[in-house]
Amino acid sequence: MFTNRVPLHLRWIPPSINFYKLNTDGETSLATDKDGIGGVIRNHKGEWVVGLAGPIPHVDCLSAELQALIKGLSLATQLRLLPLEVEIDAKEVITLLDNQTSRYSNLILDCRYLLGTLHDPVVTHAYREQNNVADNLAKLGSTMPLAAALCIFSRPPFSVSNQLLADQRGFTSQRMVLPTAIQQLDDQGGNICFVNNHVPNETAGIYFASLSSRNVVSTSLEDRQCENTWGDTSHSYACTDSIANSIANNSTCNMMHEHQNAVRMF
């Protein structure tokens, strides 16, 4: 299967100094009538700034990816998180953003509008292994009832704490790719997306186990806990008043309800 392929050691790349980075993702399943969206904004130190997760009606994977991007851009706009870098793992979405006509034209127009309010950051591609925090948040969103509103996290939920720390530490995941893929990264100046002297995720697991034994890795939920209204006691959600108060006309946990048609949310 991996004939003529070479290992690529991938890690999340922090934004430039004093920049923020938005990562978003969509989670789809043919087995249910709902999908999930997730997103996270971090600073150049890899520290959590704000995140989001929620359910959406099932349509298709590109619709989920676009709706996740819209929610992330809306959140960055409302919190004035500038300058911003934007990274997603769906190449098709990046292609759609450059097209004039598409069945997703309403969603594309919303994305373009929001990008314009954020001074037109370039939306770049990341491999799935570099987008794990957003992916986990999208999976979390897919577990919520469809009637649940989007949840905004001022601190990371427990389910993403280890991956967040792994990204901060520069731990890598391996992907087998064609040699031409590495050449393309070199040609695009993308060599920072992978490293040769890497710390594999197997080492990361040992590292996290040692931290857990010393009670260093925590849920990061020192704030008061938001009520888990859908009755799933396996998750806790933290939203501080400082973040909540900066999002006008919304409750502590919820910023906005899902929209089935593209709507600018400000």
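- You'll find the protein chain entered in an unreviewed UniProt entry as Ribonuclease h protein, with Nicotiana attenuata given as the organism.

**Some words on the overall build of the protein chain**
(1) Moving on: Across its full length, the protein chain carries 8 helices and 11 strands.
(2) Moving on: Expressed as a percentage of the 266 residues in the protein chain, the buried residues total 50%.
(3) Moving on: Intrachain contacts of the protein chain at a sequence separation of at least 6 include 77% that bridge at least 24 residues.
(4) Moving on: When the accessible surface of the protein chain is summed, it comes to about 13100 Å², and 50% of that surface belongs to carbon and sulfur atoms.

**A look at unusual backbone geometry**
(1) Moving on: With an omega dihedral of -10°, the bond running from leucine 82 to proline 83 counts as a cis peptide bond.
(2) Moving on: Even without being glycine, asparagine 18 reaches a positive phi, approximately 70°.
(3) Moving on: By the secondary structure assignment, asparagine 18 is in the loop between strand E1 (6–10) and strand E2 (20–27).
(4) Moving on: Taking the relative accessible area as the measure of exposure, asparagine 18 reaches 57% and is therefore exposed.
(5) Moving on: Of note in the backbone geometry, aspartate 120 takes a positive phi value of approximately 55° without being a glycine.

**A closer look at the packing of aromatic side chains**
(1) Moving on: Counted by the stated rule, this structure contains 0 aromatic pairs.
(2) Moving on: Directly above the ring of tryptophan 12 sits arginine 42, whose terminal nitrogen or CZ lies 3.9 Å from the centroid.

**Notes on the packing of helix H1 (residues 61–78) against helix H3 (residues 105–117)**
(1) Moving on: Following both chains from N to C, one finds H1 and H3 inclined at 25°, their axes separated by 9 Å at the closest point. Taken together, the axes of H1 and H3 lie roughly parallel to each other. Between H1 and H3 lies a crossing of left-handed hand. For the pair formed by H1 and H3, the contact residues are Ser63, Leu66, Gln67, Leu69, Ile70, Leu73, Ser74 and Thr77 on the first element and Leu107, Ile108, Asp110, Cys111, Leu114, Leu115 and Thr117 on the second.

**A few points about the sheet that holds E2**
(1) Moving on: The strand order E6-E5-E2-E3-E4-E7 describes an open sheet built from 6 strands, whose pairing is mixed. Two strands close off the open sheet at either side, each with one partner strand: strand E6 (123–125) and strand E7 (151–153). Between one strand and the next, the sheet's axes are offset by a mean angle of 20°, whatever the strand orientation.
(2) Moving on: Relative to strand E4 (residues 48–57), strand E3 (residues 34–43) runs antiparallel, the two being bridged by 9 bridges. Paired with isoleucine 41 across the bridge in E4 is valine 50.

**Notes on the packing of helix H4 (residues 132–142) against helix H5 (residues 158–169)**
Axes are the key here: two packed helices are described by the angle between their axes and the distance separating the axes.
(1) Moving on: The contact between H4 and H5 brings their axes to 9 Å, and the two run at 170°. Considering the angle they form, H4 stands roughly antiparallel to H5. Together, Asn132, Val133, Asn136, Leu137 and Leu140 of H4 and Ser159, Val160, Gln163, Leu164 and Asp167 of H5 make up the contact between the two elements.

**Description of the pairing of E2**
(1) Moving on: Burial analysis of E2 places 6 of its 8 residues in the buried class, the great majority of the element.
(2) Moving on: With 8 bridges joining them, E2 and E3 adopt antiparallel strand pairing. Across the sheet, the residue bridging to glycine 26 is isoleucine 37, located in E3.
(3) Moving on: Turn length for the E2-E3 hairpin, with the two strands adjacent in sequence and antiparallel, is 6 residues.

Basis of the calculations
Residues numbered from 1 in each chain as written. Predicted model: local features only at pLDDT ≥ 70, side-chain atom pairs only at ≥ 80, totals over all residues. Heavy atoms only, no water. Helix = DSSP H or I, 4+ residues; strand = E, 2+ residues; numbered from the N terminus. Buried < 20%, exposed > 50% of the residue type's maximum accessible area, 1.4 Å probe, protein only. Contact = heavy atoms within 4.5 Å. Areas by Shrake-Rupley, 256 points an atom, 1.4 Å probe, with all protein chains shown as cover. Phe/Tyr/Trp six-rings, centres within 6.5 Å; stacked < 30°, edge-to-face > 60°. Lys NZ or Arg CZ within 6 Å of the ring centre and 35° of its normal. Axes fitted to C-alpha atoms, helices over the stretch in contact; angles between N-to-C directions. Parallel < 35°, antiparallel > 145°, perpendicular 65-115°, else oblique. Left-handed = near helix turned anticlockwise from the far one by under 90°. Pairing = 2+ DSSP bridges.

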